[in-house]
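# A look at the structure
Now for the letters of each chain:
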Amino acid sequence: MSTIPNMWIKNLAFYEPGRPIDELARELGLSSADEIIKLASNENALGPSPKAVDAMQRAASNMHIYPDGGSFYLRLALAQKYHVDMDQIIVGNGSNEIIEFLAHVYLQPGSNLVMADKAFIVYKLIAPAYQAEAITVPMVDLTHDLDAMLAAITPQTRMVFIANPNNPTGTMLSQDALDAFMDQVPASVAVVFDEAYIELLPPDRQPDTMAYVKSRPNVYVLRTFSKAYGLAGLRVGYGISTAENIQLLNRVRQPFNVNAMAQEAAMAALEDDEHVEIIRKLVIDGLAFLQNAFEEMGLEYVPSVANFILVKVGRGRKVFDALQQRLIIVRPMDGYGLPEYVRITVGTADQNRRLVLVMKQLIEEGIIEK
Ligand SMILES: *Cc1c(COP(=O)(O)O)cnc(C)c1O
């Protein structure tokens with residue numbers, strides 16, 4: 001006798017995360033992981049705000065107490081920042097958890113979600129967990145094709161996901177394109193804007209999707225502390241929608257889904273605009289450096305507005321392996337149907353320089369192919 005799992009679970013695909021530094025150190029038999037650089041998961045090259053680190057240290061001695069399950073003070077701070085009601089906000093164990101809440105609330109056998117074919121892969125992975133379908137709409141120039149996505153909506157469509165800026169392409173949609181889409185999308189379809197990288201853009205270049213939340217009943221905006229705020233290890237993200245919608249998500253949320261230290265650190269990080277400003281600048285300079293180097297090397301790349309960049313290297317998996325042998329972790333892109341590319345997270349100036357030196361060696365060795 002064996003147990004009787006839901007039959008569709010066995011066929012679910014695994015998410016392939018960026019390889020942890022320690023895992024590579026173990027694999028290569030290194031006694032220390034210090035020399036390894038990870039440019040694989042779009043983490044913040046500068047680390048967390050010092051104010052967030054202080055907050056965590058102060059919180060440490062209270063960790064015998066359960067967290068505030070409703071993340072009251074964090075939601076209060078976010079509500080003030082966005083000029084919405086606290087009841088319009090839900091905090092998650094990363095914004096990934098909120099994607100899961102959405103799936104729980106909206107998907108069932110026979111239903112579908114609509115997404116771009118090279119958008120964040122998590123949307124595609126979650127649909128079959130609910131025996132639902134992910135309809136993937138081809139991108140044009142590695143950018144969401146919103147007209148085609150509208151055309152792909154069926155009576156069974158419950159959600160449309162738009163990652164803006166998108167991971168892994170680093171491309172972004174304009175306000176005009178979003179406005180035109182919102183004017184046509186059926187009100188019965190939940191529109192989910194995943195804005196994990198939005199704070200890396202200067203404020204005047206960030207599309208205003210909060211206006212849709214305020215004027216429509218079917219819009220969710222997801223944001224995270226994992227990227228611009230440098231708190232990926234703590235797992236804290238949030239979603240904003242109408243109070244009615246947020247109440248639906250709360251029904252499938254575990255009572256203590258976000259830990260107490262994460263709540264404290266997130267509140268402190270939220271107050272440190274200066275730190276975000278420094279990261280923005282580091283990313284802009286780093287992108288310019290990398291794009292310039294790729295041009296010098298004669299490598300094609302996809303101009304990016306986020307803290308990572310797709311570069312065409314021939315056989316992506318092979319280059320990923322070769323870089324790992326040289327202690328640099330990047331991300332292969334075959335899972336996204338881009339086998340000729342790797343995705344590289346913008347690092348510190350030193351890390352970027354080291355990466356470029358190694359890439360030049362790989363070109364000489366014929367491992368990177370133009
Ligand atoms: C990194 C990322 C997230 C954030 O995930 P968390 O669970 O908040 O760490 C969400 N969406 C996209 C597109 C991302 O790249």
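Just so it is clear, the structure is predicted and the values come from calculations on it, not from any experiment. Residue positions within a chain follow its written sequence, with the count starting from 1. Given that this is a predicted model, residues contribute local features only at a pLDDT of at least 70 and side-chain atom pairs are listed and counted only at 80 or more, while totals for whole chains, interfaces and linings are drawn from all residues. With hydrogens and water set aside, each side-chain value is computed from the structure's full complement of heavy atoms.

Put simply, DSSP H or I for four residues or longer makes a helix, DSSP E for two residues or longer makes a strand, and each gets a number counted from the N terminus. Counting through the fold element by element, aspartate 272 comes out in the loop between helix 10 (260–270) and helix 11 (273–297). For the buried aspartate 272, which has no salt bridge, the nearest side chain bearing the opposite charge is lysine 51, at an N-O separation of 4.3 Å. Here a polar contact means two N or O atoms within 3.5 Å. Within protein one must be a hydrogen donor candidate and the other an acceptor candidate, and residues neighboring in sequence count only if both atoms are side-chain atoms. Within the local environment of aspartate 272, its side chain forms a polar contact with the backbone nitrogen of histidine 275, the two atoms lying 3.2 Å apart. For aspartate 272, the residues in contact, after removing those within four places along its chain, are Ser49, Pro50 and Lys51. Working definition: with a 1.4 Å probe on protein chains only, accessible area under 20% of the residue-type maximum means buried, over 50% means exposed, and in between means partly exposed. None of His or the chain ends enter the tally, which takes Lys and Arg as positive and Asp and Glu as negative. One speaks of a salt bridge when a side-chain nitrogen belonging to Lys or Arg is within 4 Å of a carboxyl oxygen belonging to Asp or Glu. Any two residues whose heavy atoms approach within 4.5 Å are treated as being in contact.

Another aspect to go through is the site of the ligand. We call a residue near a molecule or strand as soon as one heavy atom of that residue lies within 4 Å of the molecule or strand. Lining the immediate environment of the ligand, one finds Gly94, Ser95, Asn96, Phe120, Asn167, Asp194, Ala196, Tyr197, Thr224, Ser226, Lys227 and Arg235. A distance of 2.7 Å is found between an oxygen atom of the ligand and a backbone nitrogen or oxygen belonging to serine 95. Between tyrosine 197 and the ligand, the recorded distance is 2.6 Å, taken from a side-chain N or O atom to an oxygen atom. Using a 1 Å grid laid over the protein atoms alone, points where a 1.4 Å probe fits but cannot get out form a cavity; open sets with protein on both sides within 12 Å along at least 5 of 7 lines form a pocket; any residue with an atom within 4 Å of a point counts as lining. Here the criterion for a molecule occupying a pocket or cavity is that more than half of its atoms lie within 2 Å of the pocket grid points. When atoms are counted within 2 Å of each cavity's grid points, the one that captures over half of the ligand is the largest pocket. Residues are grouped as follows: Ala, Val, Leu, Ile, Met, Phe, Trp, Tyr, Cys and Pro are nonpolar; Asp, Glu, Lys and Arg are charged; all remaining types, including Gly, are polar. Considered class by class, the residues forming the shell around the ligand number three nonpolar, six polar and three charged.

Grid points are joined across faces, edges and corners, and a volume is the space filled by probe spheres set on the points. When its volume is computed, the largest pocket comes out at roughly 560 Å³. Of all the secondary-structure elements, those providing two or more residues to the lining of the largest pocket are helix 4 (95–106) and helix 5 (122–126). Taken together, the residues that form the lining of the largest pocket break down as ten nonpolar, ten polar and seven charged. Considered as a void within the structure, the second largest pocket measures approximately 330 Å³ in volume. Taken together, 18 residues make up the lining of the second largest pocket; nearest its centre are Lys81, Tyr82, Pro203, Gln206 and Arg223.

Moving on, we get to the packing of helix 11 against helix 13 (residues 349–364). Fitted lines through C-alpha atoms serve as axes, helices being fitted only where they are in contact, and the angles separating the N-to-C directions of these axes extend from 0 to 180 degrees. Interhelical geometry of helix 11 versus helix 13 gives an angle of 15° and a closest axis separation of 11 Å. Between helix 11 and helix 13, the interaxial angle falls into the category roughly parallel. Our pair here, helix 11 against helix 13, has a crossing hand that is right-handed. Seen from helix 11, the contacting residues are Gly286, Phe289, Leu290, Ala293, Phe294, Glu296 and Met297; seen from helix 13, they are Asn352, Arg353, Leu355, Val356, Met359, Lys360 and Ile363. Roughly parallel refers to an angle under 35 degrees, roughly antiparallel to one over 145, roughly perpendicular to one between 65 and 115, and oblique to any angle outside these ranges. Crossing handedness follows the turn of the near helix against the far one: under a right angle anticlockwise gives a left-handed crossing, and clockwise gives a right-handed one.

The next subject is the sheet that holds strand 7 (residues 219–224). Two strands qualify as a pair provided DSSP detects at least 2 bridges between them. Sheet architecture is open: seven strands sit in the order 2-8-7-6-5-3-4, paired in mixed fashion. Looking along the sheet, the strands with just one partner apiece sit at the ends: strand 2 (89–92) and strand 4 (133–137). Averaged over all pairs of adjacent strands, the angle between their axes in this sheet comes to 20°, without regard to strand direction. Of the pairings in the sheet, the one linking strand 7 to strand 8 (residues 237–240) comprises four bridges and is antiparallel in character. Across the sheet, residue leucine 222 finds its bridge partner in strand 8, namely glycine 239. In the packing of helix 3 (residues 72–82) onto the sheet, the strands contacted are strand 2, strand 7 and strand 8, and the crossing angle to strand 2 comes to about 130°. The strands touched by helix 9 (residues 243–251) within the sheet are strand 2, strand 7 and strand 8, with strand 2 carrying the most contacts at an inclination of about 30°.

Take helix 3 next. Turning to helix 3, its buried residues are Leu74, Arg75, Leu78, Ala79 and Tyr82. For helix 3, the buried positions fall inside an angular range of 135° around the axis, keeping them on one side. Pointing more than 90 degrees away from the buried face of helix 3 are the exposed residues Tyr73 and Gln80. In the core, the buried residues of helix 3 are packed alongside strand 2, helix 8 (210–215), strand 7, strand 8 and helix 10. Immediately beyond the C-terminal end of helix 3, within one or two residues, lies histidine 83, with a positive phi of roughly 55°. Our arc is simply the arc of the directions from the helix axis toward the C-beta atoms.

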